[in-house]
Every structure is written in structure tokens, then in C-alpha cells.
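A structural walkthrough
This is what each chain is made of:
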Amino acid sequence: MAKKKQSGTCELCGREEVEVTIHHLTPKEMGGTFMSTANLCIPCHKQIHALFTNEELATSLNTVDQLRSHPELQKFLKWIKKQPSTRLPIISKSNARKRNKR
Ligand SMILES: [Zn+2]
Ligand SMILES: [Zn+2]
């Protein structure tokens, strides 16, 4: 499988057509290599790791729901939802058409 940039819907902020990355709900360092993952946009993903330690993530924030209901993240989510999902650089029209919309 080619490792390409993935575009999809962020499971946390719900923005669509954003570049998503795989977040291990239980950090790999905490044994979560084969456990569930979530697709998160880059800002959400960064925010999570900025706010929480791997231990916190593994023990009390290992589902998307738990993350979403955390007060600190809620503040962030409120803000990020207002941001345009176009983190993508300006795409020429011909290129944009190639993207498979689901
Ligand atoms: Zn997000
Ligand atoms: Zn992560």
C-alpha cells in the first residue's frame, strides 16, 4: 500500500475533506499498536497530543467520545469547526476533480 496523504472526515471535529492522520486511541507506547484508531485531521491530532500525555490517553481518553467530551478539547473543537477544511493548498480545478467523493 502506498502511503499517500489521506483525505477524509475527521472523527473528532467532523470536518470533511480534510487531510487525516491515524491516531491510536491507545498510544502505541502504551500497547495500543493493534487497538482501535481514529482518523483525525492534523490540527485535532496535534491538539490531543499537546494537551494529553500518552498515559492520560490510554487510561481515560481512549475513545473518540471521551476525547470529544473533554472540556479542553471542546473549546478547541468549537474553534476548529469554524475553520475552513481547506488546509489543502490551492488545488487547480482539474486536480480537484480526480478526488473520489464518497
Ligand atoms: Zn479534526
Ligand atoms: Zn495520535
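Structure report, in brief. (Residues numbered from 1 in each chain as written. Chains lettered and ligands numbered in written order. Predicted model: local features only at pLDDT ≥ 70, side-chain atom pairs only at ≥ 80, totals over all residues. Heavy atoms only, no water.)

1. What about the packing of helix H1 (residues 42-51) against helix H4 (residues 71-80)?
Contact geometry for H1 and H4: axes closest at 11 Å, N-to-C directions at 160°. Judged on the interaxial angle alone, H4 and H1 are roughly antiparallel. Handedness of the H1/H4 crossing: right-handed. Along its contact with H1, which presents Pro43, Cys44, Gln47, Ile48 and Leu51, the element H4 presents Glu72, Leu73, Phe76, Leu77 and Ile80. Looking at the contact of H1 with H4 residue by residue, the classes come out as eight nonpolar, one polar and one charged. (Axes fitted to C-alpha atoms, helices over the stretch in contact; angles between N-to-C directions. Helix = DSSP H or I, 4+ residues; strand = E, 2+ residues; numbered from the N terminus. Parallel < 35°, antiparallel > 145°, perpendicular 65-115°, else oblique. Left-handed = near helix turned anticlockwise from the far one by under 90°. Contact = heavy atoms within 4.5 Å. Nonpolar A, V, L, I, M, F, W, Y, C, P; charged D, E, K, R; others polar.)

2. Describing the coordination of the zinc ion (ligand 1)
Under perfect tetrahedral coordination by four donors, a metal shows angles of 109.5 degrees; under perfect octahedral coordination by six donors, it shows angles of 90 or 180 degrees. Donor atoms from the polypeptide that bind the zinc ion (ligand 1) are Cys10 (SG), Cys13 (SG), Cys41 (SG) and Cys44 (SG), placed at 2.2 to 2.3 Å. One can describe the site at the zinc ion (ligand 1) as tetrahedral: its four donor atoms subtend angles covering 103 to 115° at the metal. (Donors = N, O, S within 2.8 Å, 3.2 Å for Na, K, Ca; no water. Tetrahedral: all angles 85-135°; square planar, octahedral: opposite > 155°, others 65-115°.)

3. Re the coordination of the zinc ion (ligand 2)
Surrounding the zinc ion (ligand 2) are the protein donor atoms His23 (ND1), His45 (NE2) and His49 (NE2), which sit 2.0 to 2.1 Å from the metal. Taken in sequence order, the residues that donate to the zinc ion (ligand 2) follow the motif H-x21-H-x3-H. Linking histidine 23 in strand S2 (residues 18-24) with histidine 49 in helix H1, this pair joins segments that are 26 residues apart in sequence.

4. Thoughts on H1
Considered for burial, the residues of H1 that qualify are Ile42, Cys44, His45 and Ile48. Burial along H1 is one-sided: seen end-on, the buried residues are contained in an arc of 165°. Facing away from the buried side of H1, by more than 90 degrees, are the exposed residues Lys46 and Ala50. Against S2, strand S3 (37-41), helix H2 (54-60), helix H3 (64-68) and H4 lie the buried residues of H1. (Buried < 20%, exposed > 50% of the residue type's maximum accessible area, 1.4 Å probe, protein only. Arc of directions from axis to C-beta.)

5. Side note on the nonpolar core
With 20 residues, the main nonpolar core has Cys10, Leu12, Cys44, Ile48 and Leu67 as its most contacted residues. For this core, the secondary structure elements donating two or more residues are S2, S3, H1, H3 and H4. The dominant element in this core, judged by the number of residues it contributes, is H4, at four residues. Isoleucine 48 has contacts with Leu12, His23, Leu40, Leu57, Leu67 and Leu73, leaving out every residue within four places of it along the chain. (Core = buried A, V, L, I, M, F, W, Y, C linked by side-chain atoms within 4.5 Å.)

6. Remarks on the packing of aromatic side chains
Counted by the stated rule, this structure contains one aromatic pair. Each ring, one from phenylalanine 76 and one from tryptophan 79, has its centre 6.0 Å from the other, and the planes form 45°; the classification is tilted. Within this pair, phenylalanine 76 and its partner tryptophan 79 are both found in helix H4, separated by three residues, close to a single helical turn. Relative accessible area serves as the criterion here: at 47%, tryptophan 79 is assigned to the partly exposed category. (Phe/Tyr/Trp six-rings, centres within 6.5 Å; stacked < 30°, edge-to-face > 60°.)

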